[in-house]
Amino acid sequence: MPTFLARRYARKLDAVGRTERAVGTFILLLVVGIVAAYAVQVATDRDYLFNVGAPDYRAADARRGAWPEPIEEFAPEPVARSDGSAREVENPFPDPDLPGWRTPVRVERFDAENLFAKIDGRADLYLQHGVAGLTFGAYTHADGDHTIDVYWYDMGQAEQAAAIFRAEQDAEAPRVRVGEEAYQVGGAVFLRKGSSYVQVLPSRLDEDAGAALRIAEQIAGSIGE
Amino acid sequence: MAEPRWTRRELLTRGAGAVLGGGAAVAGGYLLYDPKGDRGLPRWQPRLGLKNFFAQIDLPAGHPRLSVAVGPEHRTEELVRAAVGGLDPALGLRRFVQPGDVVLIKPNVGFDRPPHVGATTNPEVLRWIIRLCREAGAREILVTDNPIESPQACFSRSGIAAAVETEGAKVVLPAPAQFELVLLGQPQARSRAPGTAAAWPVLYRPLDRATKLIGVAPIKDHNLSSASMTLKNWYGLLGGRRHQLHQTIHEAISDLAALLSPTLVIADGTRVMLHNGPTGGRVSDVRPGGQLGRPVLVASVDPVACDAWCYQRLLGRDPAALDYLRLAEQKIQARVAAGERRFGQRDWLAYDRAGQVVTTTL
């Protein structure tokens, strides 16, 4: 039956050849594919309009790689032994030697140029005190529920480490015998040794105070005299 | 079925038509192909401003401008209801949020720190604000921030993600496509090219979608700006190399204060970071209610007055000495004089004398 708009060209279906039907189907699928691709792109860019599940934090992290400042982060790399016979892991953070606690498996390094990417405006204070870099790692407990963060600042010189230690010091906090000078408050340990200024911050304050102190001792022990 | 028999003329005509049609489609696709998409669009014209989220609020002249709730610990729900209810005892948040609204809540999720450090908004405070928005009939509740560190780590470790998701609101994570250049600064800077301090990437898409905006900020010491409160909270909507603004941080905060006119702000004084801000780390740096010694929440339709009150009463400092407050007041009052409907004055005592500061002690 001829359509209103195609009265002149309408044909019966059985008059359409196989070849013509195949080409027509291909063109139709192509159009559908283009529309679908556009919809997917829009959905990807405006995911808050379309997503029905939980936010994809990992994807957000990956997308942010194009936006904020670059951060050097690495899983500790194996290095060759001096005799080349084997490889061992080099991790700046020592083994805590504590039941249930694991050494950081992901380590972030920042220099004076991008320190703000970790501590934002606080970086200016450290820059004033001559910070050379920051190494950050988180000790994790086997139950996955609590962590101990370590901010290990290289202040370049012992005097500068002492200066920043004093600038942030809680004068009333009880002293502990770690490194050259240290105190512990609310479970967190703050120490200095050589050019290093280290903050050991447990997520569970009193419960992990002992673990934080042990980790601080291990870190101080790993710093050369 | 037999193939139709075509004449030579029909074959040539149909073939030519197919070739022409296919060729036109290919040519059109080639001409229209844009590998960069929206990101390739020239951004030489930044947006000149943002929505005024307070302009449509029907707030009677004599109503409170500042509502302070002081209470014992672990009674967060009552604190939130008292703070918001103090702005309108009859309607509470319904004065500000109506059925069908899309509410954007901007907490501070800036750092990968647990809640007890006080570097981020208290997730329990956020939880009850979301609940109040839902009770007021909000159609959709969005929560967003552009953290300093990994969004996954910050939203998770701060407890914000869990609070948002259990209350049925939605986290809007920062993504490049959601930022747009917005003019940040004085109008005469319009002639500057983008990428300079005048045109800055702002987390625009959630702001565009929302009909109401609520800022919820912890009260913290800050080594650069002296304090981080409700006005500094908008910093988390900036993208790009925003650390460059640290050089002129008071100007930047006051520019943001002028740019953003929220529906209301809530100052979270449940854990006040008195020293070593904005990151903190010592529990001894944090005290409930700061100088007051008890958890405090402040709800206000005047962010400048709110910050002045918190700076004085919670941090124990003189608001007259805080540069960005002075600059924010100047810039907002200039906009008020130009006809914009909003509040922005440092002199919270003037509100107090007029009976427009409500204090509720639980």
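Residues numbered from 1 in each chain as written. Chains lettered and ligands numbered in written order. Predicted model: local features only at pLDDT ≥ 70, side-chain atom pairs only at ≥ 80, totals over all residues. Heavy atoms only, no water.

J.: Would you mind going over empty space enclosed by the protein in detail, with residue names and values included?
T.: Going through the model one piece at a time under the given rule, you end up with six cavities of 30 Å³ or more. Quantified by volume, the largest cavity comes out at close to 160 Å³. If you go around the largest cavity, you meet 18 residues; those closest to its centre are Asp120 of chain A together with Asn108, Gly110, Lys232 and Gly236 of chain B. In terms of residue class, the lining of the largest cavity is made up of five nonpolar, seven polar and six charged. Each pocket or cavity is described by its volume, and for the second largest cavity that value is around 110 Å³. What lines the second largest cavity is a set of 17 residues, among which Leu201 and Pro202 of chain A together with Pro114, His116 and Val117 of chain B lie closest to the centre. For the lining of the second largest cavity, the elements supplying multiple residues, two or more each, are β7 (147-154) and β10 (196-202) of chain A. (1 Å grid on protein atoms, 1.4 Å probe; cavity = no way out; pocket = protein on both sides within 12 Å on 5 of 7 lines; lining within 4 Å. Points joined across faces, edges and corners; volume = space filled by probe spheres on them. Nonpolar A, V, L, I, M, F, W, Y, C, P; charged D, E, K, R; others polar. Helix = DSSP H or I, 4+ residues; strand = E, 2+ residues; numbered from the N terminus.)

J.: How would you summarise the packing of aromatic side chains if you had to cite specific residues and measurements?
T.: All names here are of chain B. What the rule picks out here adds up to 11 aromatic pairs over all chains. Each ring, one from Phe54 and one from Phe343, has its centre 5.4 Å from the other, and the planes form 65°; the classification is edge-to-face. Of this pair, Phe54 sits in the loop between α1 (8-32) and β1 (66-70) while Phe343 sits in the loop between α9 (323-337) and α10 (348-353), and the two are 289 residues apart along the sequence. Taking relative accessible area as the criterion, Phe54 reaches 1% and is therefore assigned buried. Relative accessible area serves as the criterion here: at 22%, Phe343 is assigned to the partly exposed category. Look at Trp309 and Trp348: their rings are 6.4 Å apart centre to centre, the planes differ by 70°, and that puts the pair in the edge-to-face class. Taken together, the residues span a long stretch of sequence, with Trp309 in helix α8 (residues 303-313) and Trp348 in helix α10 at a distance of 39 residues. (Phe/Tyr/Trp six-rings, centres within 6.5 Å; stacked < 30°, edge-to-face > 60°. Buried < 20%, exposed > 50% of the residue type's maximum accessible area, 1.4 Å probe, protein only.)

J.: Describe the packing of helix α2 (residues 76-87) of chain B against helix α3 (residues 123-135) of chain B, and please don't skip the residues or the numbers.
T.: Residue and element names in this part refer to chain B. Where α2 contacts α3, the two axes come as close as 9 Å, and the packing angle between them is 55°. With respect to α3, the axis of α2 lies oblique. For the pair α2 and α3, the sense of crossing is right-handed. On α3, the residues touching Thr76, Glu77, Val80, Arg81 and Val84 of α2 are Glu124, Val125, Trp128, Ile129, Leu132 and Glu135. (Axes fitted to C-alpha atoms, helices over the stretch in contact; angles between N-to-C directions. Parallel < 35°, antiparallel > 145°, perpendicular 65-115°, else oblique. Left-handed = near helix turned anticlockwise from the far one by under 90°. Contact = heavy atoms within 4.5 Å.)

J.: Explain the nonpolar core to me, and be specific about the residues and the numbers.
T.: Residues and elements named next belong to chain B. Grouped together as the largest cluster of nonpolar side chains are 58 residues, with contacts concentrated most on Leu207, Met229, Leu231, Val298, Trp309 and Cys310. With near-sequence residues (within four places) excluded, Cys310 lies in contact with Ile219, Met229, Ala267, Val298 and Leu315. In terms of nonpolar packing, the next biggest core, distinct from the first, is built from 42 residues, Phe96, Val125, Phe155 and Val171 among them. (Core = buried A, V, L, I, M, F, W, Y, C linked by side-chain atoms within 4.5 Å.)

J.: Provide a residue-level description of the environment of Pro201 of chain B, including the pertinent values.
T.: All names here are of chain B. Relative to the elements of secondary structure, Pro201 occurs in strand β6 (residues 199-203). A residue is classified by how much of its surface remains accessible, and Pro201, at 15% relative accessible area, is buried. Taking the C-alpha atoms as reference points, Pro201 and Asn276, separated by 75 residues in sequence, lie 29 Å from one another.

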